[in-house]
Each structure stands twice: as C-alpha cells, then as structure tokens.
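# Structural overview for review
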Amino acid sequence: QLQLVESGGGLVQSGGSLRLSCAASGRTFSDYGMGWFRQAPGKEREFVARIGRSGGFIVYDDAVKGRFTISRDNSKNTVFLQMNSLKPEDTALYYCAAGWVTGTTYNMYYWGKGTQVTVSS
C-alpha cells in the first residue's frame, strides 16, 4: 500500500496563495504518477492536475491553468501543488492521488484523506 498524507491547506483571501504538499510512504514513490483532485461541498470530486513519474506528462484542468503548478520531488517522496491567484470557487477539499499517468489519461488507485482549502472573498 502507498500511504498519502496531504498538508498545507487553510484559509486564504481571494488573490492569495497556498502550497499544498503530499507526502508518500510505503512503496517506491517514483513508480507512480501523481495527481491532485478537489471536491467542493455538494459537488463531485474533480480533476485538478497530474504529473508523470519523472515529472513529465503535466496536465491541468482549464479552471486552474495558469494559476496552479504541480511538481514533485522524488528524493523527498513528495508532490506539491502551488496555488496562486486563488478564487472563492477554488474552495474545496483537496486530495492527492497516485496511480499511472500518461499524456492523455490516468488511473488513480491510492488516495489521501484530503486537506481543506477555503478562499474568502
């Protein structure tokens, strides 16, 4: 099993920034593509960004493109999500996930428990 623990969420004003981290343990981190997803109250979970095992295959949802940046540090078994120019509609529970990633698709089979991001207007 690969364990994933997210951190870095919090309350921020509109226009502000947050950096989420996801620490992995239990298996070889660099064997997995990684992704960030989010779920707002009353809505289904949605894709935010993904990154391949070696840092390639980066894809963003259109809603966050140009504002969010996904990255990973395989030496630290951690994936990051830098979120800038935050908007109230970015408010959600953010999940880290691991699986396989290509340039066109993905399948995640390990999930963290999430970290809450709240953006006030």
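An account of the accompanying structure is given in this report. (Residues numbered from 1 in each chain as written. Predicted model: local features only at pLDDT ≥ 70, side-chain atom pairs only at ≥ 80, totals over all residues. Heavy atoms only, no water.)

## A short note on the environment of cysteine 96
Cut-off, in case you're wondering: Under the DSSP-based scheme used, a helix requires at least four consecutive residues in state H or I and a strand at least two consecutive residues in state E, with every element numbered from the N terminus. For this analysis, residues touch if any pair of their heavy atoms sits within 4.5 Å.
Relative to the assigned elements, cysteine 96 resides in strand 9 (residues 92–101). For the pair cysteine 96 and serine 21, spaced 75 residues apart in sequence, the C-alpha separation works out to 8.6 Å. Apart from the residues lying within four places of it in its own chain, the contact partners of cysteine 96 are Leu4, Glu6, Cys22, Met34, Gly35, Trp36, Val79, Tyr110, Trp111 and Gly112.

## Looking at the side chain of arginine 67
Basically, it comes down to this: Only protein chains enter the area calculation, which uses a 1.4 Å probe; residues under 20% of their type maximum are buried, those over 50% are exposed, and those in between are partly exposed. Residues adjacent in sequence count toward polar contacts only when both atoms are side-chain atoms; beyond that, a polar contact is any pair of N or O atoms within 3.5 Å, and within protein one must be able to donate a hydrogen and the other to accept it.
Relative to the helices and strands, arginine 67 is located in the loop between strand 6 (59–60) and strand 7 (68–73). Judged by relative accessible area, arginine 67 falls into the buried class, the value being 11%. In this structure the side chain of arginine 67 is engaged in a polar contact, spanning 2.9 Å, whose partner is the backbone oxygen of alanine 63. Dropping the residues within four chain positions of it, arginine 67 is found in contact with Gln82, Met83, Asn84, Ser85, Leu86, Lys87 and Asp90.

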